[in-house]
Amino acid sequence: MDLGVRWKLHGDGRTPAPGAVVRPDERLSWPRTAGLGAQHVVAMFGASFVAPVLMGLDPNLAIMMSGVATVVFLLATRGRVPSYLGCSLSFVGVAAVIRAQGGSSATVTGAVFVVGAALFLVGLAVRRFGARIIHATMPPVVTGAVVMLIGFNLAPVTASTYWPQDQWTALLTMLFTGLAVVCLRGFWSRIAIFLGLVFGYGVSWVSDLVFGKIHSMDASGKLTDHWRLDLSGVGKADWIGLPTLHGPSFEWSAILVALPVVIALVAENAGHVKAVGEMTGDSLDDKLGTAISADGVGSMLSTAVGGPPNTTYSENIGVMAATRVYSTAAYWAAAGFALLFGVCPKFGAVVAAIPGGVLGGITVILYGMIGLLGAQIWLNARVDLRNPLNLVPAAAGIIIGVGNVSMEFTDTFSLSGIALGTVVVITGYHALRAFAPAHLKTQHPLLDEGTSSYDDAKS
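Residues numbered from 1 in each chain as written. Predicted model: local features only at pLDDT ≥ 70, side-chain atom pairs only at ≥ 80, totals over all residues. Heavy atoms only, no water.

Engineer: What is the right way to look at the nonpolar core in this model?
Structural biologist: Nonpolar side chains tend toward joint burial in soluble globular proteins. Core analysis: the largest hydrophobic core is formed by 98 residues, its most contacted members being Met55, Phe91, Val92, Tyr367 and Trp378. The residues touching Tyr367, leaving out its near neighbours within four places in the chain, are Leu54, Val92, Gly151, Leu154, Val157, Thr158 and Tyr162. (Core = buried A, V, L, I, M, F, W, Y, C linked by side-chain atoms within 4.5 Å. Buried < 20%, exposed > 50% of the residue type's maximum accessible area, 1.4 Å probe, protein only. Contact = heavy atoms within 4.5 Å.)

Pasting the structure below:
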């Protein structure tokens, strides 16, 4: 059985020839491959390490399980889809909601485990029936609205939790990160979030030296005098050790909050597989279902031991585009580096010590970018919001999600925010479509014609 773990040496093993690319089944010399692997790990540092911190989970375990998930993904796709699986930011909002309802870390990981299982089943369905099943149930207007409300639902977290801890550091970090995203080029632009974290760390350290303690909210929400940057945990942490593991706990209220993220992950995976296929010149339409299922399995493995969910990362796709190296050998090297970082508790302590003000500046941009990805889905699919069939369910669902509107059905069961908004968008769209006149029903598919050949082949 070909598992995609054999690679031909590309050229002289040093650099791609002019106009050439290093294909997934090729590699450069092993030292250069290892260097590219380290570069991929750095590229996903910013978002992938912020996410577990924001979710209240162990960053050491997060990076370790991202390596495990990447290995699973590469084996499942037989080395044809070069991708790194890092902690998904799409779950940050649902984690915040679950914790606000009194849920523990086990409750969060239990809910996300179910999402991973659902994603696995969606992938199997896509393999069996083709991408048309996505088109039918989740057209672009629905997918875009759900992604948008997931991102914008996070705005109160930044406004009430992170920003007040140090508003000036938050402002400076936001401005620096924005400049880095816009002004830097190539690889540096791909790690702009990571650079923003480093900058914020430096600002917090200098502020403590110059101004002393700050009188503001701390991480627990209490108004106290505290240091902006507290590295006491770093000194106590060991250099080598295994992360703390815990099992998931399953509660229906938490599961219902988390399930809508499946829609965002399906859209995200489809876009990433399509992008990689276009860059490598190798049609990957037949691997779409496998990639989605592998993503689900990776998330299930991680959350089963207390880690965060994982998904393919656009930052790493950007690194491939900049280097023209699509070798899956580099991703195996990246997975190896991630496993090594995972067994260094001191490294995790540094990540966990990110000051609240720094997170405030980062999340202002990060959460907004998540929400606006929904608008990008609409633009790419040319969704017509003048059409009331599109406008009404999207408008209602987004306001419910962003405003955290709640519906109580019984004393023990209610839906609110992301969960209720998603239900309104999906059921509202399909219910209205059933009664709408024919001229309102013309829709563009979620995936462009690049996937149509896959559908035709499966039919």
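Engineer: Could you clarify how one ought to interpret helix H15 (residues 288–304) in this entry?
Structural biologist: Residues three or four positions apart in an α-helix share a direction because the helix packs 3.6 residues into each turn. Its 17 residues give H15 an end-to-end C-alpha distance of 24 Å, which sits within 8% of 24 Å, the value for a rise of 1.5 Å per residue. Burial of H15 is extensive: 13 of the 17 residues sit out of reach of the surface. (Helix = DSSP H or I, 4+ residues; strand = E, 2+ residues; numbered from the N terminus. Expected span 1.5 Å × (residues − 1).)

Engineer: Teacher, can you tell me more about unusual backbone geometry here?
Structural biologist: Working note: non-glycine residues mostly have negative phi, and peptide bonds are mostly trans. Phi is positive for Arg78, which is not a glycine, with a value near 55 degrees. Position of Arg78 among the secondary structure elements: in the loop between helix H3 (59–76) and strand E3 (85–87). Even without a glycine there, the phi angle at Arg382 is positive, about 55 degrees. Judged by its relative accessible area of 64%, Arg382 falls in the exposed class.

Engineer: Mind showing me how you'd approach the environment of Leu9 here?
Structural biologist: Examined against the element boundaries, Leu9 turns out to sit in strand E1 (residues 8–9). A relative accessible area of 47% places Leu9 in the partly exposed class. Taking the C-alpha atoms as reference points, Leu9 and Val72, 63 residues apart in sequence, are found 24 Å from one another. Once residues within four sequence positions are removed from consideration, Leu9 is found in contact with Arg27, Leu28 and Ser29.

Engineer: Please explain the packing of helix H9 (residues 167–183) against helix H19 (residues 356–381) as it appears in this structure.
Structural biologist: Any two packed helices are characterised by the angle at which their axes cross and by the distance between the axes. Here H9 crosses H19 at 45 degrees, and the two axes come no closer than 7 Å. By the angle between their axes, H9 is oblique relative to H19. For the element pair H9 and H19, the recorded crossing hand is right-handed. Only Gly357, Val358, Gly360, Gly361, Ile362, Val364 and Ile365 of H19 make contact with H9, whose side of the interface consists of Thr169, Ala170, Thr173, Met174, Thr177 and Gly178. In terms of residue class, the contact of H9 with H19 is built from six nonpolar, seven polar and no charged. (Axes fitted to C-alpha atoms, helices over the stretch in contact; angles between N-to-C directions. Parallel < 35°, antiparallel > 145°, perpendicular 65-115°, else oblique. Left-handed = near helix turned anticlockwise from the far one by under 90°. Nonpolar A, V, L, I, M, F, W, Y, C, P; charged D, E, K, R; others polar.)

Engineer: Can you help me understand the confidence of the model for the protein chain in this one?
Structural biologist: The predicted coordinates should not be examined in detail at positions where pLDDT is low. Averaged over the protein chain, the pLDDT score is 82; the fraction of residues at 70 or greater is 91%. Ignoring residues within four places in sequence, the model shows residues 445–459, a span with pLDDT below 50, making 34 contacts including any to other chains. (pLDDT = per-residue confidence, 0-100.)

Engineer: Is there a simple way to explain the packing of aromatic side chains in this structure?
Structural biologist: In this description, a pair of aromatic rings is defined by centroid distance and the angle of the planes. Counting across every chain of the model gives three aromatic pairs. Relative to Trp30, the ring of Trp7 lies with its centre 6.0 Å away and its plane at 85 degrees, an arrangement referred to as edge-to-face. Taken as a pair, Trp7 in the segment before E1 and Trp30 in helix H1 (residues 30–43) lie far apart in primary sequence, 23 residues in all. When its relative accessible area of 19% is taken as the criterion, Trp7 is described as buried. The class for Trp30 is partly exposed, based on a relative accessible area of 47%. Between the aromatic rings of Phe176 and Phe199, the centroid separation amounts to 4.2 Å while the plane-to-plane angle is 5 degrees, which identifies the pairing as stacked. (Phe/Tyr/Trp six-rings, centres within 6.5 Å; stacked < 30°, edge-to-face > 60°.)

Engineer: Could you clarify how one ought to interpret the pattern of salt bridges in this entry?
Structural biologist: Considering all chains together, one arrives at four salt bridges under this definition. Of the charged contacts, one joins Arg228 and Asp166 as a salt bridge, the two residues approaching to 3.2 Å between their closest N and O atoms. A residue pair is termed long-range when its members are at least 10 positions apart, and Arg228 in the loop between strand E5 (223–226) and helix H12 (232–236) and Asp166 in the loop between helix H8 (155–162) and H9 qualify at 62 residues. Owing to a relative accessible area of 14%, Arg228 belongs among the buried residues under this scheme. Given the relative accessible area of 6%, Asp166 is considered buried. Three or more residues are tied together by salt bridges with common partners; here these are Asp166, Asp208 and Arg228. (Salt bridge = Lys/Arg side-chain N within 4 Å of Asp/Glu carboxyl O.)

Engineer: Sorry if this is basic, but what is going on with the side chain of Thr109 here?
Structural biologist: Turning to its location among the elements, Thr109 is positioned in helix H5 (residues 105–129). Here Thr109 falls in the buried class, since its relative accessible area comes to 1%.

Engineer: Can you walk me through the side chain of Thr169 in this structure?
Structural biologist: By the secondary structure assignment, Thr169 is in helix H9. Looking at Thr169, its side chain comes within polar contact range of the side chain of Asp166, at 2.6 Å. In this view, Thr169 contacts Gly200, Val203, Ser204, Ser207, Gly357 and Val358; residues no more than four positions away in its chain are not counted. (Polar contact = N/O pair within 3.5 Å; in protein donor to acceptor, adjacent residues only side chain to side chain.)

Engineer: How should the state of the cysteines be read in this particular structure?
Structural biologist: By definition, a disulfide links the sulfur atoms of two cysteine residues through a covalent bond. Summed over all chains, the structure comprises zero disulfides. The structure places no disulfide on Cys87, whose sulfur is separated from the nearest cysteine sulfur, that of Cys344, by 19 Å. On the accessibility criterion, Cys87 (0% relative accessible area) is buried. (Disulfide = S-S within 2.5 Å.)

Engineer: Mind showing me how you'd approach the packing of H5 against H15 here?
Structural biologist: Look at H5 against H15: their axes get within 7 Å of each other, and the N-to-C directions meet at 160 degrees. The angle between H5 and H15 falls in the class roughly antiparallel. In this structure, H5 meets H15 at a crossing whose hand is left-handed. Here Thr109, Val112, Phe113, Gly116, Ala117, Leu119, Phe120, Val122, Gly123, Leu124, Val126 and Arg127 of H5 lie close against H15, whose contacting residues are Leu288, Gly289, Thr290, Ile292, Ser293, Asp295, Gly296, Val297, Ser299, Met300, Thr303 and Ala304. Looking at the contact of H5 with H15, its residues break down into 13 nonpolar, nine polar and two charged.

Engineer: When you look at a nonpolar patch on the surface in this model, what are you seeing that I'm missing?
Structural biologist: A grouping of Trp205, Val206, Leu209, Val210 and Phe211 is seen on the molecular surface, where their side chains present a nonpolar patch of about 580 Å² in accessible area. Tracing the backbone through its elements, the reader meets Leu209 in helix H11 (residues 192–211). When its relative accessible area of 58% is taken as the criterion, Leu209 is described as exposed. (Patch = residues over 30% accessible without salt bridge, like charges linked within 9 Å, V, L, I, M, F, W, Y side chains within 5 Å. Areas by Shrake-Rupley, 256 points an atom, 1.4 Å probe, with all protein chains shown as cover.)

Engineer: Honestly, the environment of Met44 in this entry has me stumped. Any pointers?
Structural biologist: With respect to the secondary-structure elements, Met44 resides in the loop between H1 and helix H2 (45–55). Using a relative accessible area of 0% as the deciding quantity, one classes Met44 as buried. The spacing of Met44 and Ile63 is 19 residues in sequence and 9.9 Å in space, taken between C-alpha atoms.

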